[in-house]
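Observations on the three-dimensional arrangement
Now for the letters of each chain:
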Amino acid sequence: MKSLPLFCVLSLLVFASSSAAAPKTQVPGYFRYSLGDFTVTALYDGNMDIPLSGYKGASAEKMKALAAGQFIDRPRGVPTAVNAYLIDTGSHRILVDAGTAKCFGPGLGLVPGNLRAAGYAPEDIDVVVITHLHGDHYCGLRNADGRRAYPKAAVWVAEEEAAYWLDSDLAAMTEKAQSPFKMAREVMGLYQAAGTLHRYKVGDGIVEGVRSVAIPGHTPGQTAYRIESKGQTLLAMGDIVHCYAVQFPLPEVTIASDVDSATAAATRKALFASLAKDGIAVAGSHLPFPGIGHVRKDAEGFLWVPVEYELTAK
Ligand SMILES: [Zn+2]
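Below you will find a few notes about this structure. (Residues numbered from 1 in each chain as written. Predicted model: local features only at pLDDT ≥ 70, side-chain atom pairs only at ≥ 80, totals over all residues. Heavy atoms only, no water.)

1. A short note on the coordination of the zinc ion
Rule in force here: Each metal site is built from N, O and S donor atoms within 2.8 Å (3.2 Å for Na, K and Ca), and since water is not included, such sites may look incomplete. Only four donors with every angle between 85 and 135 degrees are called tetrahedral; only four or six donors with opposite donors over 155 degrees apart and all others between 65 and 115 are called square planar or octahedral, in that order; all others are irregular.
Taken together, Asp136 (OD), His137 (NE2), Asp239 (OD) and His286 (NE2) make up the full set of protein donors to the zinc ion, lying 2.1 Å away. For the zinc ion, the four donor atoms in the first shell make angles of 86 to 166° at the metal, a pattern classed as irregular.

This is the structure we're talking about:
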């Protein structure tokens, strides 16, 4: 057979390689972080878009400029990740929050798939700790079939948080106001009925190496979890921050979903100051995935310093 001239072969190769469609789907959303003997795996649940009009405490122009400075001032709202965290201590596998399931629409609810991609099954989880009872943190406790998503897990919620969402008098509220309370009762009720829902006093240890820390304001009993192994510490701090571009430089800015915005702002300011002083690592439910990093003092307020992708998980 007569061979083709070289330039013909090259042009065929170029044509062949340019005809394949570029992949558009994202890689699995999990990220490992070493903490002493523990392995922390960040699990991505998806993204919400939150308009800047949902925040208050600074002028609209100032907030827009801060978001634009991070290139996240988008017409549909600021992209806001939803993250959960798995702490593998060697003897326990503890899930910190459970994602949205289908409570926040079809673009989220990815925690179960990313948990499996990270090498775990839902049955491997023996403890779930919830930072607070908003749907993006607990809806993922229920499967699409209406059953417990983590059938072997004991679920732990702070006393104050459980009392607010699960025990308050619905009859004293408007029908619209009742909705998030009813949803919390439906999902947490699955674990209550199974005898695996537990309440703790804030400040208590949950399992060895995991202690609860009060961070009230966003909800009355919001709780962070201080995770420690071999002298290394990570604070899973729930919804201390929703918009990193705005609330690190201006910690006084609050979000509409705060139950008590003055307390939320005071808690955030005090926590940022202590984190900047101590230099411990943090994990935030709505910080850009994986949401792990450090907080430091900046000329104006504070600055978010995210972790790098590196081979630290041994
Ligand atoms: Zn949240």
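Structure shown, so let's carry the discussion forward.
2. What to know about the packing of aromatic side chains
Our working rule: Stacked, edge-to-face and tilted are the three classes for Phe, Tyr and Trp ring pairs, Trp counted by its six-membered ring, which pair at centre distances within 6.5 Å; planes under 30 degrees apart are stacked, over 60 edge-to-face, the rest tilted. A helix here means a DSSP run of H or I that spans at least four residues, while a strand means a run of E at least two residues long, and both kinds are numbered starting from the N terminus. Per-residue accessibility, obtained with a 1.4 Å probe over protein chains only, is compared with the maximum for each type, and a residue is labelled buried under 20%, exposed over 50%, and partly exposed between these values. Charge over a ring is defined by NZ of Lys or CZ of Arg lying within 6 Å of the ring centre and within 35 degrees of the ring normal.
Inspection of every chain in the model, using the stated rule, returns nine aromatic pairs. Pairing Trp165 with Phe181 gives two aromatic rings, centres 4.7 Å apart and planes at 35°, and the pair type is tilted. Of this pair, Trp165 sits in helix α5 (residues 159-167) while Phe181 sits in helix α6 (residues 175-194), and the two are 16 residues apart along the sequence. We classify Trp165 as buried; its relative accessible area is 4%. Ring pairing ties together the aromatic residues Phe248, Phe272, Phe302 and Trp304, which thus form one cluster. In this arrangement the basic side chain of Arg148 is found over the ring face of Tyr191, its NZ or CZ atom lying 6.0 Å from the centre. Lys297 extends its terminal NZ or CZ atom over the ring of Phe302, reaching a point 4.8 Å from the ring centre.

3. Looking at the sheet that holds strand β7 (residues 154-158)
Two strands in a sheet stick together by hydrogen bonds in their backbones, pointing the same way (parallel) or opposite ways (antiparallel). Formally: When DSSP finds two or more bridges between two strands, those strands count as paired. Orientation is described by axes fitted as lines to C-alpha atoms, over the contacting stretch for helices, and by angles from 0 to 180 degrees between their N-to-C directions.
Spatially, β1-β2-β4-β5-β6-β7-β8 is the arrangement adopted by the seven strands of the open sheet, whose pairing is mixed. Either end of the sheet is taken by a strand with one partner, and the two such strands are β1 (30-35) and β8 (197-200). Strand-to-strand twist across the sheet, computed as the mean angle between neighbouring axes with direction ignored, equals 25°. Direction of pairing for strand β5 (residues 93-96) relative to strand β6 (residues 127-129): parallel, over a ladder of three bridges. Residue Leu95 lies in a different strand from β6, and its bridge partner there is Val128.

4. Brief notes about empty space enclosed by the protein
Cut-off, in case you're wondering: Each cavity reported here is a set of points on a 1 Å grid over the protein atoms alone in which a 1.4 Å probe fits but cannot get out, each pocket an open set with protein on both sides within 12 Å along at least five of seven lines, and each lining residue one with an atom within 4 Å of a point. Grid points are joined across faces, edges and corners, and a volume is the space filled by probe spheres set on the points. Note on residue categories: nonpolar means Ala, Val, Leu, Ile, Met, Phe, Trp, Tyr, Cys or Pro, charged means Asp, Glu, Lys or Arg, and polar means any other residue, Gly included.
For the structure on display, the rule yields two cavities of 30 Å³ or more. Computed from the structure, the largest cavity encloses a volume of approximately 50 Å³. As for the largest cavity, its lining consists of Ile215, Pro216, His218, Gln222, Asp239, Ile240, Asp258, Ala264, Thr267 and Arg268. If you trace the second largest cavity, you find it lined by Asn83, Ala84, Tyr85, Val96, Asp97, Thr131, Ala236, Met237, Gly238, Ala283 and Ser285. In terms of residues, the lining of the second largest cavity owes the most to one element, strand β4 (residues 78-88), which gives three residues. Each residue belonging to the lining of the second largest cavity can be placed in one class, and the counts come to six nonpolar, four polar and one charged.

5. Details of the environment of Gly209
Going by this rule: For this analysis, residues touch if any pair of their heavy atoms sits within 4.5 Å.
With respect to the helices, strands and loops of the structure, Gly209 is situated in the loop between β9 (205-207) and β10 (210-214). Classification of Gly209 as partly exposed rests on a relative accessible area of 24%. Once the C-alpha coordinates of Gly209 and Tyr120 are considered, the two residues, 89 residues apart in sequence, prove to be 21 Å apart. Residues in contact with Gly209, not counting those within four places in the same chain, are Phe38, Arg226, Ile227 and Glu228.

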